[in-house]
Amino acid sequence: MASPLEHRPAAPRHVEKHDVVVGGRSLRVVVRPASGPGPRRTPLLICNGIGAATDVLDPLVHELPANLDVIRFDPPGIGGSAMPSLPYHLTWMAHRLGQVLTRLGVREVDVMGFSWGGMLAQQFALSRRRRLRRLVLAATGTGALMIPASPRVMSAMSTPRRHQDPGYVDAVASTIYGGTMREHPELASQVLGSGARRGPMRGYYYQLLALYGWTSLPLLGSIRAPTLILAGDDDPIVPNGNAKLLSRGIRDSRLETYRGGHLELLVSPERFAPIIDGFLTG
């Protein structure tokens with residue numbers, strides 16, 4: 001059977017990298033500037049999954065229209081961002097993202113959050129609502145109060161090993177990611193860049209700690225931005241019922257359930273980019 005990555009798109013041709021200091025910490029911010037004719041669109045800020053650097057999202061950014069500014073960042077201790085000396089909370093991170101946008105001269109954004117980044121995107125929608133136009137939540141939940149993954153999946157998620165050891169992620173991919181990984185578990189290490197991220201992963205554990213005690217569930221009604229929710233029908237990390245919780249709680253939301261698992265956005269970005277762009281331009 002052909003690999004779904006045979007026609008994987010290349011990385012964006014031109015990006016700008018910035019080291020932005022906010023709250024005494026340096027964050028690596030990567031911007032793909034818009035190009036081509038036509039009026040400027042509202043920039044899109046993408047919040048990534050746990051343990052993943054910005055390059056994991058290169059294929060998706062490549063598939064998004066060229067006339068769209070796309071802003072990404074590495075959380076503290078991940079990728080090109082400096083290792084923090086102390087843990088932080090998701091509310092702190094949402095506040096700092098607002099400061100990053102100010103430094104970039106961006107007043108209003110659309111925000112897309114994937115997995116862990118989806119929770120950060122919800123917090124941004126709650127605490128920085130005046131800077132948010134539209135919200136996209138992919139493969140994510142409501143934090144501490146959500147339908148949990150199985151103990152086996154939770155155990156695998158408690159360590160960053162799958163980001164460092166390709167053999168390990170191949171062994172657990174079908175169980176924790178579902179979808180395409182059930183037939184092609186070897187793809188997980190490719191889309192996550194496993195093996196390329198050596199060294200301490202304290203940043204990963206700080207991302208876990210950032211969620212401590214955090215939930216958006218009782219506050220979903222306060223999210224006023226039009227919201228697109230993308231959820232797989234075979235996602236062991238974020239069971240599909242979580243998307244229904246989000247959809248019921250966020251008044252102006254639309255739920256799109258797709259066939260696949262937790263990493264489909266990374267495996268087949270060409271499926272999702274038109275859906276995301278259609279929502280942002282709708």
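Residues numbered from 1 in each chain as written. Predicted model: local features only at pLDDT ≥ 70, side-chain atom pairs only at ≥ 80, totals over all residues. Heavy atoms only, no water.

- An unreviewed UniProt entry lists the chain under the name Poly(3-hydroxyalkanoate) depolymerase, with Pseudonocardia sediminis as the source organism.

## Some words on empty space enclosed by the protein
Alright, step 1. Inspection of the entire model under this criterion finds 3 cavities of 30 Å³ or more.
Alright, step 2. The calculated volume of the largest cavity comes to roughly 120 Å³.
Alright, step 3. What lines the largest cavity is a set of 15 residues, and nearest its centre among them are Gly49, Ile50, Leu192, His262 and Leu263.
Alright, step 4. Of the residues that constitute the lining of the largest cavity, the class distribution is 9 nonpolar, 5 polar and 1 charged.
Alright, step 5. The calculated volume of the second largest cavity comes to roughly 60 Å³.
Alright, step 6. Going through the elements one at a time, strand 7 (227–232) and helix 8 (241–249) are the ones with two or more residues in the lining of the second largest cavity.
Alright, step 7. Counting residues per element, the lining of the second largest cavity draws most heavily on strand 7, which supplies 4 residues. (1 Å grid on protein atoms, 1.4 Å probe; cavity = no way out; pocket = protein on both sides within 12 Å on 5 of 7 lines; lining within 4 Å. Points joined across faces, edges and corners; volume = space filled by probe spheres on them. Nonpolar A, V, L, I, M, F, W, Y, C, P; charged D, E, K, R; others polar. Helix = DSSP H or I, 4+ residues; strand = E, 2+ residues; numbered from the N terminus.)

## Some remarks on the layout of surface pockets
Alright, step 1. By volume, the largest pocket amounts to about 510 Å³.
Alright, step 2. Elements supplying a minimum of two residues to the lining of the largest pocket: helix 3 (116–127) and helix 4 (151–157).
Alright, step 3. For the lining of the largest pocket, the per-class residue count stands at 15 nonpolar, 5 polar and no charged.
Alright, step 4. Each pocket or cavity is described by its volume, and for the second largest pocket that value is around 170 Å³.
Alright, step 5. Around the second largest pocket sit 13 residues that line it, and Lys17, Val30, Thr54, Asp55 and Asp58 are the ones nearest its centre.
Alright, step 6. Its residues assigned to classes, the lining of the second largest pocket shows 3 nonpolar, 3 polar and 7 charged.

## Quick notes on the packing of helix 2 (residues 90–104) against helix 3
A pair of packed helices is characterised by two quantities: the angle between their axes and the separation of those axes.
Alright, step 1. Axis separation between helix 2 and helix 3 bottoms out at 9 Å; the angle between their running directions is 70°. By the angle between their axes, helix 2 is roughly perpendicular relative to helix 3. Each of Leu90, Thr91, Met93, Ala94, Leu97, Gly98 and Leu101 in helix 2 lies in contact with helix 3, whose residues at this interface are Trp116, Met119, Leu120, Gln123, Phe124 and Ser127.
Alright, step 2. Of the residues in the contact of helix 2 with helix 3, the class split is 9 nonpolar, 4 polar and no charged. (Axes fitted to C-alpha atoms, helices over the stretch in contact; angles between N-to-C directions. Parallel < 35°, antiparallel > 145°, perpendicular 65-115°, else oblique. Contact = heavy atoms within 4.5 Å.)

## Digging into the pattern of salt bridges
Alright, step 1. The final tally for this structure, using the stated rule, is 9 salt bridges.
Alright, step 2. Between Glu256 and Arg254 there is a salt bridge, and its shortest N-O distance comes to 3.2 Å.
Alright, step 3. For Glu256, a relative accessible area of 29% translates into the label partly exposed.
Alright, step 4. Residue classification places Arg254 among the partly exposed residues on the basis of a relative accessible area of 38%. (Salt bridge = Lys/Arg side-chain N within 4 Å of Asp/Glu carboxyl O. Buried < 20%, exposed > 50% of the residue type's maximum accessible area, 1.4 Å probe, protein only.)

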